[in-house]
Amino acid sequence: MALVLRGTVVTFDSDHRILDPGAVYVGDDGRLAAVRPAARAAPAGFSSAPVIDTGALILPGLIDLHNHLLYNTLPLWEAAGVPYQHHDRWVDERRPPDYATSVTWPAKVLGQAAPEALLKYVEVRALVGGTTAVQGAPLSTRPVDGWLLRIIDNEKLPAGADMVMTAALQLDAEVLREDRAPKLDGTRLLIYHVAEGRPGSLVHREFEDLEPCLRPGLIGVHGTALTGADFAKWQSAVQAVDAREKGTVVWSPFSNHWLYHTTTDVVEADRKGLRIALGSDWSPSGTKNVLGELKVADAVNRHDLGGHFGDRELCDMVTAHPGDALATAWGPQVGRLERGSAADLLVLERHDPARDPYRNLIAATERHVRLVLVRGRPFYGTPSLMTAAGARDTSALTVAGVRRRVAVREPGRADATLDWPGVKRALERVRADPVDAWRAAQDALADWGGPLDDPEAPLALFGDMPEGDTGALAAAGEVPLDLVVPRLDPLTHDSAFLAAVARAGVPQLQHLAEYYA
Amino acid sequence: MSRVVAEPARELPDSTGLAEFLERAGADPLPLADRHRLVAAARVLLEELYVHLPLKRAMHATDPVQRLRLLERRLPPLSELQFHAELTDVFRGLRDLHTGYQLPAPYRGHVATLGFLVERYADADGTPHHIVSKIDPALVHAGLDVGAELRSWNGVPIERAVERNAAAQAGSHPDARLARGLESLTLRPLRTAPPPDEHWVLLSYRTRGGRPRETRVPWRVRAAEQYAGRAQDPVPTLATGLGIDVGGEVARHVKRDLFAPSPARRPAARTLRGVVGHRTLRIRGRAYGYLRLFSFNVAGARRFAEHVAGIAARAPEGGLIVDIRGNPGGHVPAAEAALQVLSPAPVVPVSFSLSTSRAALALARAHPGFRVWAASIHAAPETGELYSQAFPLTDPEAVAAGLPRHRGPKVLVTDALSYSAADVFAAGFQDNGLGPVLGTAPRTGAGGANVWTYDLLRVWLPELLGDLPRGAGFRVALRRATRARGNVDVPLEDLGVRADVLHRLTERDVLDRNKDLLAAAAALLAGDHG
């Protein structure tokens, strides 16, 4: 339905205007019909639309450009061998808590025994951090196109086509050169993990393999082993194709420091002209949502990078920058509030009136998220704002001690039948007896001899990360009989999470607790 | 002398006339663009992922990729049935029951049947006989009943009719084709081949009492499997560890529906009790266990191994006859785990390798479970290898850990329809010295691969493999199996497992519950003792 939101509108448009008070006009088509000062007249068609005075900041919904959703019910993995040299090392970690037991098996079982519930849980986890688009769809028997928010890998914008290619595992050089590179024709994206490891480690060669793909549309994830010269080469190659374009590097400082005790040289990347976006990465080594990752970026910026980035620039990393990167493939702009852009909105409490909106966003926690709209529809927020925005069929939940409502059930969709308590129950049932749940799921999958795109076909999710040492049983369709699925990772950066961070003792991550004090 | 041609008085229950079915199918033909999509997808599969392509080119002098190129140019004038027949025929030329085109709706999940089965035995002098071994009660008429001996088929002498039908089958060696030819005389899964050309069959036969008769039996179409009210394949779309002849499994299901005891007394086809049977035999005063493995098409290896171990533990001391005749395969890890519990010592599993194509490398990179295969595929442009390094699919010892092992004597009974996972089972039985292999044909069906569906491959190769129309599909041999121990690196495909002892089926076998065959098996077990 058409809707008008009033408040302090932080547009992230090309002039970074802040309209205070301002109004955003949400059209029936899921796009913004107008973004203008509140005093100006409403555009045509909005005379009878409900008006909500939020009394808060109205921002673009946050964009998480690096994740692996299948794993996001799991807690932080406190691996014994940190810091690792590169991404192939921790996969083979066999010391307790080993990788396969801690990460691969639980995610595998949940992804096949409770796929719908798992997806909803991890989407809600992103929503409570103000996220409206997230990258990292699991591999699946049919595309999971996002029940609550946009799943970037599968989002079909603008013409009903999926224009985003992704790879968390490295592709062969020949495939990159002969298949992926030609597809980067200015209409498609490739979100690609590259050079994830310590500087000087052998994963640097992945960047050499990627050279044919250094074109507009490439979004490189991590790049922790890259140097200033590499970033210069990347940006120069992109601009040789289109002088207006920028390469995009996705920065996940928490995960980098957690596994490697180092992170991407984003200052050099910025100096060479690349666009920087943030990604919270998966929960075994990442933050709970990109709002949390923004704090890690802020702390690293202040303590290690000499304050190279201003507050507004940090906020661009979760809004305008990923939005611009996605614009290569997507029609409606995301990450910026302007006429015609997607009505993906975050309403955030101005919890520190003395500071500007950008600092308020950086310092905000899940408590301060008051409403999240995706495609113009309310999915998460305070009870009053959800009601005012016309949300129906919502469930109550408590987030960081405050009451919220979430609309996870989608009438008319056979694959969105659970409400929020149902989501948690389904996941807890698997936890209670994972072996039995796994076997029941395998029976259901074995019973299906029809096409996988049939709406009645069972949905199964598969990991997009390496498996580690699961070989013998995994290939046989079996799971360890003593398998334990950890408790569901809470939705917020709670005391258990911060305690794990403290135990890890990585200096760059210790500042995170200050934001949640 | 002219004879009256009879006809069945009743129709096969739960079936539709072939003409009616075809009329429905023809009312909504595939658009040309969909045909192009199917042929293009077939080319990608065969060129890029089909592991046996070099072998098949050599052994059968076939060039399926060129045939597909030509088919692409000749698509427009083909009728609906011609198109399906042409595409099916390209795959049939591979002589590989794993790898095939799977017709779209409405063929999917249906089977054409005459409502009876024919089995073959030979006299001591080699004279063959073709006997009606099973028939639906609704079709019994004019002496066409169990025991009737067929003489001709649409005017063609029966022996020649079987030969012709065998030649049109995809079995990889003559015995396998003959077995399939015999079965497909009266049973044709429409998912894997187009419908019969003729709408009815004129049969000349002798009744059990010796009277010559003729009858005309119509082809009928019935659903092979229902799920949520819809016809579909009885083989999972999603399984990664399969080695199975889908057509054979469909035939098994239909045979059960038509000829097994009443549904109330019959376990579902894919339950453990539906795929495993057992009883105690008394032969010449001695007791033997008889373990019948109808199929390995089960959901999990561990539960299957547990079930088999439980049965084997209760077998008499005289020994265990393990019978896998007609077993179309299924879950390879289940077959290997079952073998593990039947062996007193750890069994070395067969190994599997991929093609060294670029698509195989892309799959090995994208799918974490293929990680071990990636390095040798990556190296292939320099090493020149056609196949990757070979690794077992799984560790059956780990899967069967803690289960009791059967330590008594055993004999394995095979035929030319024992296929794929059943080939793997037979190879493991022989290579690990579990006991003699008694074959009713010189070799098993010779299907040596792990087979994947197109749908499943798309999960990891979405950029390479596009959508297919109307539930059409393909299955492809993705990883080839090679044997272990004394036969290390010997492929199973096209070669199968050679029987140690050959037993040609007799009339008593066909009509009296395999009496001579089981006596031969018992004799081998007694020899173990002696």
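Just so you know, these numbers come straight off a predicted model, no measurement behind them. (Residues numbered from 1 in each chain as written. Chains lettered and ligands numbered in written order. Predicted model: local features only at pLDDT ≥ 70, side-chain atom pairs only at ≥ 80, totals over all residues.)

Visitor: Got a sec to walk through the overall build of chain B? Specific residues and values, please.
Guide: Across its full length, chain B carries 18 helices and 25 strands. Viewed in the frame of its principal axes, chain B has a C-alpha envelope of about 75 × 65 × 45 Å. Counting over 530 residues, chain B shows a buried share of 57%. Considering only contacts within chain B whose residues lie at least 6 apart along the sequence, 77% involve residues at least 24 apart. (Helix = DSSP H or I, 4+ residues; strand = E, 2+ residues; numbered from the N terminus. Buried ≥ 20, exposed ≤ 12 C-beta atoms within 10 Å, placed from the backbone. Contact = placed C-beta atoms within 7 Å.)

Visitor: Could you give me a rundown of the confidence of the model for chain B, with the residues and numbers involved?
Guide: Counting all residues, the mean pLDDT for chain B is 92, and 97% of those residues have values of 70 or more. Here the predicted complex scores 0.91 on pTM and 0.88 on ipTM. (pLDDT = per-residue confidence, 0-100.)

Visitor: Residue-level account of the domain arrangement of chain A, with values.
Guide: Residues and elements named next belong to chain A. Assigned domains within chain A: domain 1 (3–60 + 335–406) and domain 2 (63–332 + 496–515). Each of domain 1 and domain 2 has a C-alpha centre, and these two points are 26 Å apart. Contact with domain 1, which involves 29 residues of that partner, is made by 27 residues of domain 2. Listed by contribution, the elements that provide at least two residues to the side of domain 1 that touches domain 2 are strand 4 (51–60), strand 14 (345–348), helix 12 (357–363), strand 15 (369–374) and strand 16 (377–381). Looking at side-chain class alone, the side of domain 1 that touches domain 2 contains 18 nonpolar, 5 polar and 6 charged residues. (Domains from an automatic or database assignment. Nonpolar A, V, L, I, M, F, W, Y, C, P; charged D, E, K, R; others polar.)

Visitor: An account of the domain arrangement of chain B is needed here, citing residue identities and associated values.
Guide: For an interface, size is often stated in terms of accessible area lost upon the parts coming together. Residue and element names in this part refer to chain B. When cut into domains, chain B gives domain 1 (21–103), domain 2 (110–224) and domain 3 (242–529). A separation of 28 Å is found between the C-alpha centroids of domain 1 and domain 3. Contacts between the two partners involve 24 residues from domain 1 and, on the opposite side, 33 residues from domain 3. Looking at the side of domain 1 that touches domain 3, the elements with two or more residues in it are helix 2 (32–49), helix 3 (53–60) and strand 3 (100–102). For the side of domain 1 that touches domain 3, the element with the highest residue contribution is helix 2, accounting for 9 residues.

Visitor: So what's going on with the interface of chain B and chain A? Which residues, and what values?
Guide: Facing the 38 residues of chain B at the interface are 35 residues of chain A. Mapped by element, the contributors of at least two residues to the side of chain B that touches chain A are helix 10 (301–313), helix 12 (358–366), helix 13 (371–383), helix 14 (396–399) and helix 16 (454–460) of chain B. No other element matches the 5 residues that helix 12 of chain B contributes to the side of chain B that touches chain A. Grouping the amino acids of the side of chain B that touches chain A by side-chain chemistry returns 19 nonpolar, 9 polar and 10 charged.

Visitor: An account of the packing of helix 4 (residues 64–73) of chain B against helix 5 (residues 80–92) of chain B is needed here, citing residue identities and associated values.
Guide: Residues and elements named next belong to chain B. Contact pair helix 4 / helix 5: the axes reach a minimum separation of 9 Å and the direction vectors enclose 165 degrees. Taken together, the axes of helix 4 and helix 5 are roughly antiparallel relative to one another. Crossing geometry of helix 4 relative to helix 5 is assigned as right-handed. Contacts from Pro64, Arg67, Leu68 and Leu71 in helix 4 reach Glu86, Leu87 and Val90 in helix 5. (Axes fitted to C-alpha atoms, helices over the stretch in contact; angles between N-to-C directions. Parallel < 35°, antiparallel > 145°, perpendicular 65-115°, else oblique. Left-handed = near helix turned anticlockwise from the far one by under 90°.)

Visitor: Give me the sheet that holds strand 17 (residues 286–293) of chain B: which residues, what numbers.
Guide: Residues and elements named next belong to chain B. On the basis of which strands lie adjacent, the open sheet formed by 6 strands has the order 16-17-18-21-22-25 and mixed pairing. In this open sheet, the two edge strands, each paired with only one partner strand, are strand 16 (276–283) and strand 25 (501–502). Relative to strand 18 (residues 320–323), strand 17 is paired through 4 bridges, and the arrangement is parallel. Bridged to Arg292 within strand 18 is Asp323. (Pairing = 2+ DSSP bridges.)

Visitor: So what's going on with the packing of helix 12 of chain B against helix 13 of chain B? Residues and values would help.
Guide: When two helices pack together, their arrangement is captured by the angle between the axes and the distance separating the axes. Residues and elements named next belong to chain B. The geometry of helix 12 relative to helix 13 is characterised by a closest axis approach of 9 Å and an angle of 150 degrees between their N-to-C directions. Between helix 12 and helix 13, the angle is such that the two are roughly antiparallel. The handedness of the crossing between helix 12 and helix 13 comes out as left-handed. Of helix 13, the residues touching helix 12 (which contributes Ala360, Leu361, Ala364 and Arg365) are Trp373, Ala374, Ile377 and His378. For the contact of helix 12 with helix 13, a count of residues per class yields 6 nonpolar, 1 polar and 1 charged.

Visitor: Pulling in residues and values, what's your account of unusual backbone geometry?
Guide: Both trends apply: most residues other than glycine have a negative phi, and most peptide bonds are in trans. The omega angle of the peptide bond from Val82 of chain A to Pro83 of chain A is -5 degrees, so this bond is cis rather than trans. Tracing the chain through its elements places Pro83 of chain A in the loop between strand 5 (62–64) and helix 1 (87–91). Cis geometry is adopted by the peptide bond preceding Pro106 of chain B, which originates at Ala105 of chain B and carries an omega value of 10 degrees. As for its placement among the helices and strands, Pro106 of chain B is situated in the loop between strand 3 and strand 4 (110–113). Residue Phe12 of chain A is not a glycine yet carries a positive backbone phi of 55 degrees. Along the chain, Phe12 of chain A falls in the loop between strand 1 (3–10) and strand 2 (18–26). A positive phi angle is found at Asp281 of chain A, which is not glycine, with a value near 60 degrees. Following the sequence through the fold, Asp281 of chain A ends up in the loop between strand 13 (275–278) and helix 9 (290–303).

Visitor: Account for the UniProt feature "domain: Tail specific protease" (unreviewed entry) in chain B, with residues named and values stated.
Guide: Per the UniProt record, "domain: Tail specific protease" (unreviewed entry) is annotated on residues 288–455 of chain B. As annotated, residues 288–455 of chain B has a helix share of 38% and a strand share of 18%, and its two end C-alpha atoms lie 44 Å apart. (UniProt positions renumbered as here; feature names shortened; annotations may be inferred.)

Visitor: I'd love a proper account of helix 4 (residues 173–183) of chain A, names of residues and values included.
Guide: Buried within helix 4 of chain A are the following residues: Val175, Leu176 and Arg180 of chain A. Seen along its axis, helix 4 of chain A keeps its buried residues to an arc of 90 degrees; they face one direction. Helix 4 of chain A presents Glu178 and Pro182 of chain A as exposed residues on the side facing more than 90 degrees away from its buried surface. Buried-residue contacts for helix 4 of chain A involve strand 9 (164–167), strand 10 (189–194) and helix 5 (205–209) of chain A together with helix 12 of chain B. (Arc of directions from axis to C-beta.)

Visitor: Explain the nonpolar core to me, and be specific about the residues and the numbers.
Guide: Counting residues in hydrophobic clusters, the biggest one holds 332 residues, and the most contacted among them are Val24 of chain A together with Ala521 of chain B. With sequence-adjacent residues up to four places away left out, Ala521 of chain B is seen in contact with Ile321, Val411, Val413 and Leu438 of chain B. (Core = buried A, V, L, I, M, F, W, Y, C linked by C-beta atoms within 7 Å.)

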